[in-house]
Amino acid sequence: MSEATVLGGQEVVGVGRIEGPIMVVEGASNVSYDEVVEIQDVRGDTRRGRVLEVGEGFAVVQVFAGSTGLSIDGTRVRFLGNTLHMPVAEEMLGRIFDGLGTPIDGGPEPLTDVYRDVNGQPINPTARIYPRDYIQTGISTIDGVNTLLRGQKLPLFSGAGMPHDQLAAQIVRQATLGRVAGAPQTEGEEFAIVFAAMGVKNDVADYFRKSFTESGALTRVAMFLNLADDPPVERIVTPRAALTLAEYLAYDLGKHVLVVLTDMTNYGEALRQISNVRGEVPSRKGYPGYLYSDLASLYERTGRIRTSEGSITQIPILTMPNDDMTHPMPDLTGYITEGQIVLGRELYYAGVYPPVTVLPSLSRLMKDGIGKGRTRDDHPRWGAQLYAGYAKTQDIRALASVIGEEELSEVDQKYLKFGRAFEREFVNQAFTENRTIERTLEIGWKLLSMLPKGELTRVTLDEIKQYYKGDDATS
Amino acid sequence: MANEVGTITWISGPVVRARGSRHVGMLELVEVGQDRLVGEVIGLKGDQMTVQVYEETAGMQPGAPIYGTGLPLSVELGPGLIQSIYDGVQRPLPLIEQAMGSFINRGARFDSISREKKWKYTPKANVGDEVKGGTILGVAMETDTFEHRVMVHPDDKGTLTWVASAGEYTVNDTIAKIKVGKEEKSVTMLQRWPVRRPRPFVQRRGANIPLITGQRILDTFFPVAKGGAAGIPGPFGSGKTVTQHSIAKWADAEVIVYIGCGERGNEMTEVLQEFPHLVDPRSGRPLMERTVLIANTSNMPVAAREASIYTGITIAEYYRDMGYHVALMADSTSRWAEALREVSGRLEEMPAEEGYPAYLAGRLAEFYERAGYVDNLNGSQGSVSIVGAVSPPGGDFSEPVTQHTKRFIRCFWALDKSLASARHFPAINWLDSYSEYIEDVGNWWREKTGKDWLAMRTKAMELLSEEARLSQIVKLVGPDALPYAERMVLETSRLIREGILQQNATDTVDAYSSVEKQIRLLELVLYFHERGMAIVKRGAPINLIHDLPVVDTIIRAKSSVTNEEINKLDDIQKMIDQQMGQLDAEYR
Ligand SMILES: Nc1ncnc2c1ncn2[C@@H]1O[C@H](COP(=O)(O)OP(=O)(O)OP(=O)(O)O)[C@@H](O)[C@H]1O
Ligand SMILES: [Mg+2]
C-alpha cells in the first residue's frame, strides 16, 4: 500500500465472510454506520467500500469494486473514520472521472480543500425557490407541450435502441435560457454540464464526449464514467459523486447546471443486486423496499435555493425493460420527478425523430414557466388544445381501423389529417434543428387550423380570432 | 432531564438496537448517540430495545449511549401552529434554515412553538368555575381574525382559582390556575399530546354536511362529508397533488393541515409561496392564515416520514377540539406505508403482502378512524376530514395499500392514467369512483340550494354510464349506427364531461366553483338534454343539435362565468330556449 492512501483509522486483518460485493468484517470496534473503508487484498492492491450495517464487533461492508480477488485470510480492512467525501472544484469542468470521482483522463487530482459528503443533505423546502424560468431546448415536443424549467427534474423514458442519447445530446447542445416570444435573443450564460454514466457501453460515453466536443461544450462538462465493464456496485456512488459536484457548482458558485444521468436502469440493477445478496425482503420484481427513497435521494438534489443564483436541472435517462412503464424503475422515477418525456417505438419505426409520444409525456412545472410574460399568453391553452386534439385523434384512429377511414365523419377525417401532420411537422424535427418558441407556437397553430373552429374549446375565442388560419366558415 | 438508558449495539439505516435498562417504555422518545438524535422505541425484548431514529444515522457507532426522556413522542399544541411549516416530528423548518442554511443538518433542536411571541389573549372563564378537559379558558388571536381557543388539557380538571386578565402573553405565561384536590396547577397556552394517541371526544355524530371543495366532480358527483374520509389513488402524474392542493385552497374548512409525506420539495415550496397570496373566498384572508404545513419530503429521513402523519392528525384534532372544522390532506399515504415497510424490513419482521408488515391494515385503520364529526369535551362540535392520496405501484389498484385503504374510507376518487394522458383533468374516473355519503348529504343540498341535487346527480350519472355502454358500440361500428336518441345521450355526456367534470386548476375562474354555480351548470346541461331529446325524438337529425352555437357556450361557461355572476347562466338557458325553439318549430 502506498503511503498516500494510508489515512489513519483502525485496521483489521481478516474477513469473516464474503458474498458477492458484500463482506462481513469481524473484530472491528468503533466502526461508524456508513463509514468508508479501504480494503487491501493479498497482492497489496486497494479498493474502497462502505459500511452498510454495524453491530458489536462486526461490520457489513459493501465493496465498490466487487469482491473478486479478495480472500478471507489475507485481506486487510482499514476503517477511515468518515463517510464518503470527494473533492469539488470549478476546474473539474472539462475533466473525466471514474464512477467514484477519481480522475481517469491522465490529469491531476483536483486541487482544492473543499471536500463534500457524496450523500449530500436534503434541501430545506423553505430554502427552495420554486422554478419559473423555462429553458428553450429548441425541440417542439419539449418547449411547446412539455416545457422544461431551470431547477426541474425531467427524465427521458426510453427503450433499448431508441435515440435517447441523441435527444439528450441535442437538449444539452441547444439549451438556452428561454425568453418571451418576440423578445430579442440575448446572449445568456451557458450551462455547466455534469454527465454521469452508469453501466452504459463505452460507445455511449464516446458518443456524448464527441457531441460535447463538436458543440464546443467540452470545457463546460464534467464526466463521471462507470461503464458496462466497470464494477456494478460503484454505480451506486456515481450519480452521487456527479450531484455532489453539481451542487457545488450551482449553490456555491452560482452556475446553472444541467445534469444528465444515464442509464438509471443500470443503477437500479446494482441496488437490487446488493439488496438480494443481503437477503433483504424485496418489494416488486426483487427491488428493495427502499428503492423509492433511494431514488428520491438522487432526484431531489435538483432545484434552486434562495441563497444562490444557480440551479440544478436533471435529465435522467432510463431504458424501460420491455418498454414497460409500470416497471419499478420508470414507475418510481415518475413518482419522484416532475414529469417525463416518453419515447415510443411506433413513432421511432415510423422514422419520426425525436420519437416523443406526447400523450404519456408530461412536464408538471410547465404551467409555471409559460404563458403571459414568460412565453406567450396563448401558450397554456394552445398546448392543452394540441393535446386534446391529438388524444382525440387516437380514438378516431382506433375507430377507423374498425369501420374504415371512408366511413368516418368529415370532422373525424380532419382529425386524422391533423394527427398525421402533428407527428410529421410538430413532433418530427431534424437533429440539428433548433426551433424558436415562436416557431413552435406557429407550427401548432397551423396544425390546429386544420380542425373546425368548433372543436377548439380549450383556446379562447379571441385566440382563435388572432391565430386561427383555417378556412372553417362556421361561427 | 434525559438520563442514559442504554448502549447502542447495532445500526442499520434508521433502525438502531441497544442494550440497557428495562425501564424504558414502548414508544418512549429517546435521544440517540452523542449527537442526541431524536428516536422512538419501537420494540422491547428483555434488556434489548429497538429504536427508530428520526434523523440520518451516518457516523453513529455501537457503544454510543441512548438517553431516555420518559415521554412518548408528542407534539406541542398552542397558538403559533397556524402558518407554520414543520418537518415530520414538528421541527420548524424556517428556524432550521435560519440556523443551518439551505440544507437540513442533523441534531437540530428547536421549540415547535415560539416561547417569545406574545398573543393577544382574552379570558372566557371566571374564578370559581368548575373546568374539565376541553373547557375553553380564553381566546388568543392566532392571526388577525383567527380565534385560538385555549382549552384545559384533556387530562386535567378542577376549580379555577385564578385567571389572567386580558392582555398579551407568551405560551409560557400562566393564564389560569386550577385547583385539583389540594394541589394548584398553573395553566399556560401550551400543551403537549402524544401523537399516537387520539385526542378524546364525547361522541361521534353522523356525517351529513358535505365538505365543499369547489371541485365539481367532488362536490356534485362524489362528495365527502365533513368528518369523513376519502382516498385518492392514482398512478404518477394523474393529479393527486393538484387535487389535494385544490382542496387545501378552496375547501370550506376553517383549518387546513397539509402533510407532504415523502413527496417533492418543490411542491411544498409551491404551497409556501402561493398560499400567502391566495385569498380564502369565505374569510377574505390569505389562505396561509388557516394552514398548517408538515413537510417531510422524500429525501428527508424515512422514520420521520412515518411520524409525519401522526403529527398532522394530532394538530388537526386539537383544532377540532376547539370547535373547528378541519380538513387534513396526506400526500401520500403510500410513502408513509413504505416507511413502515422499510423500518419493518430492517427489523427483519415477517412480511405479509409485497413486503409490507402484517400490521399495515391496522395502522391504516387507526389513521382513518381519527377522522370524524364529533361532540367535543367542551360541548362544541368540530370535525376532522381526511383526504389521503395513494400512490399504487404501476397504477395497479389491487396492491395492498390501495386495497386496505378502501376498507377504511367511504369516498373513493379513482384517478385514471388514460384520462390524464388525454388531459381530462381532474382525471377522476366517474365510473370507478364512489361516495357513500351521497344519501347523507342530499338534505344539505336541498336546504342550501332549494334544488333536488340528488335527482339531478342521479340523472347525470345515468347518462354517463349509458355513454360508456354506447361508446363500446361506437368503437365497433361507428356512431352513425346509433339512433338519434342515443346519440343525444352522447352529446349531453360530452357536455357533462367537458363542461362540468373537467376543471382546470390553473384557471383563475375555473379553479373554484361555488355550490350555486355547480348546481346551476348541472341544471343547464340537463335542461339542454331534455329539450334536445324531445326534438331528436321527433326526427330532427342529431348534427343540428351538435352544431348549435350554444353547445360551445355551455362548455366554456365554467371558465367564462364567474361565481359572482352566475345569473349569466340564465342567459345561457335563454340561448338554449331560443336555439332549440327554432329547431322545435321546424320539426313539429
Ligand atoms: N385539475 C387540474 N387542472 C389542470 N391540470 C391538472 C389538474 N390535475 C392535474 N393536472 C396536471 O397533471 C399534472 C400531474 O398532477 P399531479 O402532480 O397532481 O400528479 P400526482 O398524481 O400527484 O403524481 P405523483 O404521484 O407523481 O405525485 C400536473 O402537473 C398538471 O399538469
Ligand atoms: Mg403528487
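Everything numeric in this text was worked out from a predicted model, so none of it was measured. (Residues numbered from 1 in each chain as written. Chains lettered and ligands numbered in written order. Predicted model: local features only at pLDDT ≥ 70, side-chain atom pairs only at ≥ 80, totals over all residues. Heavy atoms only, no water.)

Comments concerning the overall build of chain B
Across its full length, chain B carries 16 helices and 26 strands. Computed over the C-alpha atoms, the radius of gyration of chain B is 27 Å, within 12% of the 25 Å expected from 2.2 N^0.38 for a compact globule of 588 residues. Along the first, second and third principal axes, the C-alpha set of chain B runs to 90 × 55 × 40 Å. Per-residue burial for chain B yields a buried fraction of 62% across its 588 residues. A fraction of 70% describes how many contacts in chain B between residues 6 or more apart in sequence connect residues 24 or more apart. When the 66 positive and 76 negative side-chain charges of chain B are each reduced to one mean point, those points stand 2 Å apart. (Helix = DSSP H or I, 4+ residues; strand = E, 2+ residues; numbered from the N terminus. Rg over C-alpha atoms; globule rule 2.2 N^0.38 Å. Buried < 20%, exposed > 50% of the residue type's maximum accessible area, 1.4 Å probe, protein only. Contact = heavy atoms within 4.5 Å. Lys, Arg positive; Asp, Glu negative; His and termini not counted. Charge placed at Lys NZ, Arg CZ, Asp CG, Glu CD.)

Some words on the overall build of chain A
In terms of regular secondary structure, chain A is built from 13 helices and 22 strands. Against the compact-globule benchmark of 23 Å for 475 residues, chain A has a radius of gyration of 25 Å, which places it among compact chains. C-alpha atoms of chain A, sized along the principal axes, occupy 85 × 50 × 40 Å. Within chain A, counting contacts between residues at least 6 apart in sequence, those at least 24 apart form 72% of the total.

Some thoughts on the pairing of strand β4 (residues 36-40) of chain A
Regular strands show a simple pattern: their side chains alternate between the two faces of the sheet. All names here are of chain A. Counting buried positions along β4 yields five of five residues, so the element is predominantly enclosed. On β4, burial covers both faces: Val-36, Glu-38 and Gln-40 on one face and Val-37 and Ile-39 on the other are all buried. Strand direction decides the pairing type here: β4 and strand β5 (residues 46-55), joined by five bridges, are antiparallel. Within β5, the residue paired with Val-37 across the bridge is Gly-49. (Pairing = 2+ DSSP bridges.)

Side note on the interface of chain A and chain B
Tallying the contact residues gives 78 residues for chain A and 75 residues for chain B. Summing both partners gives a buried area of about 6,000 Å² for chain A against chain B, and 52% of it is carried by carbon and sulfur. Ranking the residues of chain A by area buried against chain B places Tyr-33, Pro-125 and Tyr-335 of chain A at the top, with a combined share of 13%. Applying the counting criterion to the chain A and chain B interface returns three salt bridges. Salt-bridge contacts for Lys-367 of chain A lead to Glu-270 of chain B; the nearest nitrogen and oxygen are separated by 3.5 Å. Sorting the residues of the side of chain A that touches chain B by element identifies β5, β11 (128-129), α4 (238-252), α6 (291-299), α7 (328-336), α9 (366-369), α10 (379-403) and α13 (461-467) of chain A as the ones contributing at least two each. In terms of residues, the side of chain A that touches chain B owes the most to one element, α10 of chain A, which gives six residues. Class assignment for the residues of the side of chain A that touches chain B results in 39 nonpolar, 22 polar and 17 charged. (Buried area = accessible area lost by both parts, 1.4 Å probe. Salt bridge = Lys/Arg side-chain N within 4 Å of Asp/Glu carboxyl O. Nonpolar A, V, L, I, M, F, W, Y, C, P; charged D, E, K, R; others polar.)

A closer look at the pattern of salt bridges
Residues and elements named next belong to chain B. Applying the stated rule across the entire model yields 82 salt bridges over all chains. Here Arg-91 ties to Asp-87 by a salt bridge, and the two come within 2.9 Å at their closest N and O atoms. Take Arg-91: its relative accessible area is 9%, and that puts it in the buried class. On the basis of relative accessibility, which here comes to 4%, the residue Asp-87 falls in the buried class. The partner of Glu-289 in a salt bridge is Arg-285, and the shortest N-O contact between them spans 2.9 Å. Here Glu-289 falls in the buried class, since its relative accessible area comes to 15%. Overall, the relative accessible area of 22% leaves Arg-285 in the partly exposed class. Residues joined by salt bridges that share partners form a network here, namely Glu-263, Arg-264, Glu-267, Arg-335 and Glu-338.

Regarding the sheet that holds strand β14 (residues 167-169) of chain B
Residue and element names in this part refer to chain B. An order of β12-β11-β9-β14 is seen for the four strands of this open sheet, with the pairing classed as antiparallel. At either end of the open sheet lies a strand with only one pairing partner, and these are β12 (147-151) and β14. Neighbouring strand axes in the sheet, compared pairwise and without regard to direction, differ in orientation by 40 degrees on average. Of the pairings in the sheet, the one linking strand β11 (residues 136-141) to β12 comprises five bridges and is antiparallel in character. In the sheet register, Ile-136 faces β12, and the bridge partner there is Met-151. (Axes fitted to C-alpha atoms, helices over the stretch in contact; angles between N-to-C directions.)

As for the side chain of Gln-385 of chain A
Residue and element names in this part refer to chain A. Considering the arrangement of structural elements, one finds Gln-385 in helix α10. By relative accessible area, which is 3% here, Gln-385 ends up buried. A distance of 3.5 Å separates a polar atom in the side chain of Gln-385 from the backbone oxygen of Glu-455. (Polar contact = N/O pair within 3.5 Å; in protein donor to acceptor, adjacent residues only side chain to side chain.)

Comments concerning a nonpolar patch on the surface
A surface patch of nonpolar side chains, amounting to about 250 Å² of accessible area, comprises Met-26, Leu-27 and Leu-44 of chain B. Tracing the chain through its elements places Met-26 of chain B in the loop between β2 (15-20) and β3 (28-32). (Patch = residues over 30% accessible without salt bridge, like charges linked within 9 Å, V, L, I, M, F, W, Y side chains within 5 Å. Areas by Shrake-Rupley, 256 points an atom, 1.4 Å probe, with all protein chains shown as cover.)

Concerning helix α1 (residues 93-100) of chain B
Since there are 3.6 residues in each turn of an α-helix, residues three or four apart along the chain are aligned in direction. All names here are of chain B. Of all the residues in α1, the buried ones are Leu-93, Ile-96 and Glu-97. Down the axis of α1, the buried set is contained in an arc of 100 degrees. They therefore lie on one face. Set apart from the buried face of α1 by more than 90 degrees, the exposed residues are Gln-98 and Ala-99. Looking one or two residues beyond α1, the residue adopting positive phi is Gly-101, at roughly 90 degrees. (Arc of directions from axis to C-beta.)

Some remarks on the pairing of strand β9 (residues 119-123) of chain B
Residues and elements named next belong to chain B. Here β9 runs beside β14; their pairing, made up of three bridges, is antiparallel. If you follow Lys-120 over to β14, its bridge partner there is Glu-168. In the sheet, β9 pairs with β11 via three bridges, with the strands oriented antiparallel. Looking at β11, one finds that Thr-122 is bridged to Val-139.

Some words on the site of ligand 1
Neighbouring ligand 1 are 19 residues; Gly-237, Lys-240, Thr-241, Val-242 and Arg-264 of chain B lie closest to it. The site occupied by ligand 1 is bordered by residues of chains A and B. Contact between ligand 1 and Ser-238 of chain B: an oxygen atom at 3.3 Å from a main-chain N or O atom of the residue. Here an oxygen atom of ligand 1 and a backbone polar atom of Val-242 of chain B are 2.7 Å apart. Here ligand 1 has 630 Å² of accessible area as a free molecule, and 93% of this is covered by the chains. The set of elements that each furnish at least two residues to the shell around ligand 1 consists of α7 of chain A together with α3 (240-250) of chain B. Considering each element in turn, the shell around ligand 1 owes the most residues, three residues, to α3 of chain B. (Near = heavy atom within 4 Å.)

Topic: the confidence of the model for chain B
Predicted confidence across chain B gives a mean pLDDT of 94, with 100% of residues reaching 70 or more. Taken over the whole predicted complex, pTM reads 0.95, whereas the ipTM for its chain interfaces reads 0.93. (pLDDT = per-residue confidence, 0-100.)

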